[in-house]
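# Residue-level structural notes
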Amino acid sequence: MIREALKGGKGEVIKDPKVFIEPLTAFTEIPFREDILRDTAIAVRYFVKNNVKFSTLFLGLTGTGKTFVAKYMYNEIEEVSKEDREYKGVKQVYVNCREVGGTPQAVLSVITERLTSGIVPKHGINLGEYMEKIKNVMKTWRALIYLDEVDTLVKRRGGDIVLYQLLRSDANISVIMISNDINVRDYMEPRVLSSLGPSVIFKPYDAEQLKFILSKYAEYGLHLGTYNDEILAYIAAISAKEHGDARKAVNLLFRAAQLALGSGFIRKEHVDRAIVEYEQERLLEAVKALPFHYKLALRSVIEAEDVMTAHKIYTDMCMKLKQRPLSYRRFSDIISELDMFGIIKIKILNRGRAGGVKKYVEVEDKEKVMKALNETFEYEDDVSPDDLGES
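To start, this report covers the structure provided alongside it. In this text the structure is predicted, and so the values were computed from the model without any measurement.

### Brief notes about the nonpolar core
Among the nonpolar cores identified, the biggest contains 36 residues, and L108, I111, L147, L163, L166, I173 and M177 are the most heavily contacted of them. Elements supplying a minimum of two residues to this core: β1 (55–60), β2 (90–96), α5 (104–116), α6 (127–137), β3 (142–148), α7 (150–154), α8 (159–168) and β4 (173–179). Dropping the residues within four chain positions of it, I173 is found in contact with F47, K53, I134, M138, A143, I145 and L166.

### Some details on the pattern of salt bridges
As enumerated under the stated definition, the model contains 16 salt bridges in all. Linking R255 and E277 is a salt bridge whose minimum nitrogen-to-oxygen distance equals 2.6 Å. Here the residue R255 occupies a position in helix α12 (residues 246–259), and E277 occupies one in helix α13 (residues 268–288), the gap between them amounting to 22 residues. Look at E277 and you get partly exposed, because its relative accessible area is 29%. Across the pair D272 and K268 runs a salt bridge, and its minimum N-O distance is 3.0 Å. Of the two residues, D272 and K268 both sit in helix α13, four residues apart, roughly one turn of that helix.

### Topic: the pairing of β3
Of all seven residues in β3, six are buried, a share of seventy percent or more. Where β2 lies against β3, seven bridges are found, and the strand directions are parallel. Among the inter-strand pairings, V93 is bridged to a residue of β3, identified as I145. By the bridge criterion, five bridges tie β3 to β4 in an arrangement that is parallel. By the bridge assignment for β4, A143 is matched with I173.

### A look at the side chain of S239
With respect to the helices and strands, S239 occurs in helix α11 (residues 229–241). Looking at S239, its side chain comes within polar contact range of the main-chain oxygen of I235, at 2.9 Å. When sequence neighbours within four positions are dropped, the list of residues in contact with S239 reads L210, G244, D245, K248, A249 and L252.

### Quick word on the environment of A260
The residue A260 is located in the loop between α12 and α13 in this model. Residues A260 and K211, spaced 49 residues apart in sequence, show a C-alpha to C-alpha distance of 20 Å. With near-sequence residues (within four places) excluded, A260 lies in contact with G11, V13, F265, I266 and H270.

### Considerations on the sheet that holds strand β5 (residues 199–202)
Taken in spatial order, the five strands make up an open sheet running β2-β3-β4-β1-β5, and their pairing is parallel. Every interior strand has two partners, whereas the edge strands, β2 and β5, have only one. Averaged over neighbouring strand pairs, the angle between their axes works out to 15 degrees when direction is ignored. Judged from the five bridges that link them, β1 and β4 form a sheet pairing that is parallel. In the sheet register, L59 faces β4, and the bridge partner there is S179. Its contacts with the sheet place helix α3 (residues 34–50) against β1, β2, β3, β4 and β5, and it is angled at close to 145 degrees to β3.

### A word on the packing of α3 against helix α4 (residues 66–80)
Look at α3 against α4: their axes get within 11 Å of each other, and the N-to-C directions meet at 45 degrees. Considered as vectors, α3 and α4 are oriented oblique to each other. In the packing of α3 onto α4, the handedness of the crossing is right-handed. Each of I36, L37, T40, A41 and V44 in α3 lies in contact with α4, whose residues at this interface are V69, Y72, M73 and I77. Taken together, the residues of the contact of α3 with α4 break down into eight nonpolar, one polar and no charged.

### Quick look at helix α15 (residues 307–320)
Its 14 residues give α15 an end-to-end C-alpha distance of 20 Å, which sits within 8% of 20 Å, the value for a rise of 1.5 Å per residue. Two or three places before M308, at the start of α15, stands the capping residue D306, its side-chain oxygen 3.2 Å from that residue's backbone nitrogen. Once α15 finishes, K322 follows within two positions and takes phi at roughly 60 degrees, a positive value.

### Some details on the pairing of β5
Taking every second residue as pointing to the same face, the buried face of β5 carries V200 and F202, while none of S199 and I201 on the other face is buried. In this sheet, β5 lies alongside β1 in parallel orientation, the contact comprising four bridges. Considered in β5, the bridge of F58 is made with V200.

### Points about the side chain of S109
Structurally, the position occupied by S109 is in helix α5. Apart from residues no more than four positions distant in its own chain, S109 is found in contact with V120, P121, K122 and Y130.

### Quick notes on the packing of helix α14 (residues 292–303) against α15
Viewed as axis vectors pointing N to C, α14 and α15 meet at an angle of 130 degrees, and their least axial separation amounts to 8 Å. For the element pair α14 / α15, the angle class is oblique. As for the relative orientation of α14 and α15, their crossing is right-handed in sense. Residue-level contacts link H293, L296, A297, R299, S300, V301 and E303 of α14 to A310, I313, Y314, M317 and C318 of α15. Each residue belonging to the contact of α14 with α15 can be placed in one class, and the counts come to eight nonpolar, two polar and two charged.

### A short note on α5
The terminal C-alpha atoms of α5, which comprises 13 residues, lie 18 Å apart, in line with the 18 Å expected from a rise of 1.5 Å per residue. Packed against the buried residues of α5 are β2, α6, β3, α7 and α8. Once α5 ends, the next one or two residues include S117, with phi positive near 55 degrees.

Calculation notes
- Residues numbered from 1 in each chain as written.
- Predicted model: local features only at pLDDT ≥ 70, side-chain atom pairs only at ≥ 80, totals over all residues.
- Heavy atoms only, no water.
- Core = buried A, V, L, I, M, F, W, Y, C linked by side-chain atoms within 4.5 Å.
- Buried < 20%, exposed > 50% of the residue type's maximum accessible area, 1.4 Å probe, protein only.
- Helix = DSSP H or I, 4+ residues; strand = E, 2+ residues; numbered from the N terminus.
- Contact = heavy atoms within 4.5 Å.
- Salt bridge = Lys/Arg side-chain N within 4 Å of Asp/Glu carboxyl O.
- Pairing = 2+ DSSP bridges.
- Polar contact = N/O pair within 3.5 Å; in protein donor to acceptor, adjacent residues only side chain to side chain.
- Axes fitted to C-alpha atoms, helices over the stretch in contact; angles between N-to-C directions.
- Parallel < 35°, antiparallel > 145°, perpendicular 65-115°, else oblique.
- Left-handed = near helix turned anticlockwise from the far one by under 90°.
- Nonpolar A, V, L, I, M, F, W, Y, C, P; charged D, E, K, R; others polar.
- Expected span 1.5 Å × (residues − 1).

Laid out in structure tokens, this is it:
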């Protein structure tokens, strides 16, 4: 079995895994986003050829093509620069704000480093010094900056300063911002909003659109005869119910194809198994998105068997972090909400008159949930997993 997996061949389903991992290597066009690409291309052309700066905000739910469009545009500009001399003077920088840490210092230091092609200190200098370095370089260049998951930056203390500096700079800088949070503008100060261009809304894909997208991935990435229209329609229908998430649809197809290794054909049971795995991953994403005190409550119930003991652990964590703990009643309400979300399971045990009623909590995949909590605490201001004590 292991040797078959290593060598491949018999019953192989996936022709080119790179199509699923790096789709831009295969796709020559992006279906259902042509209008957005054209409008963005026109704005870029005016910027490069007529010195008209622009900024825009790509908004939409996860899996609606925002990052794909941005990276596709990035690649197209690189290709055009080989043919059009004016585009040779454009420097492009793509930054995922969450991945670099999300703080104003981290984001601006990465932008500066990539624009200046030099080593830039990540600490010890103020934001204005970064901007001075950028301006010195931009005297002979134009910069197009892509800020993905920009909400991570904007929600941080001082995050608006970075946007304000970039948008209002007298250097030749244009900015494309990307966010899954459609309310991200609510976190921006008026001075930033006044400098920000129009928002572009990415609508969720419907089932027919998702099926078409899947057919392209299958055409480029899977062997002919290893799938059929029914399988693609099944995956598309499931994904359309989840807000039209193309990323989920493609990941389900890829994982189902992996599970079908050796059988030579993707069947419904392979897709169903892939869905179960996806739901586990979605649970971890839900954990990361919880409000601060919900995360503390969840961590405490992982360490305790019953809710009353968990509240004591939660209170101790709050004291360590110099946070005001919630009352037991509110804490208990949060535990009930976590149960409603499907993140934990509450069990009521009645021990009779002497023992009373006790609430117990079960958490599946404790290690994975704890890992997700530790990762998300790294992004909280002034909080680290070590502050919370040993688990």
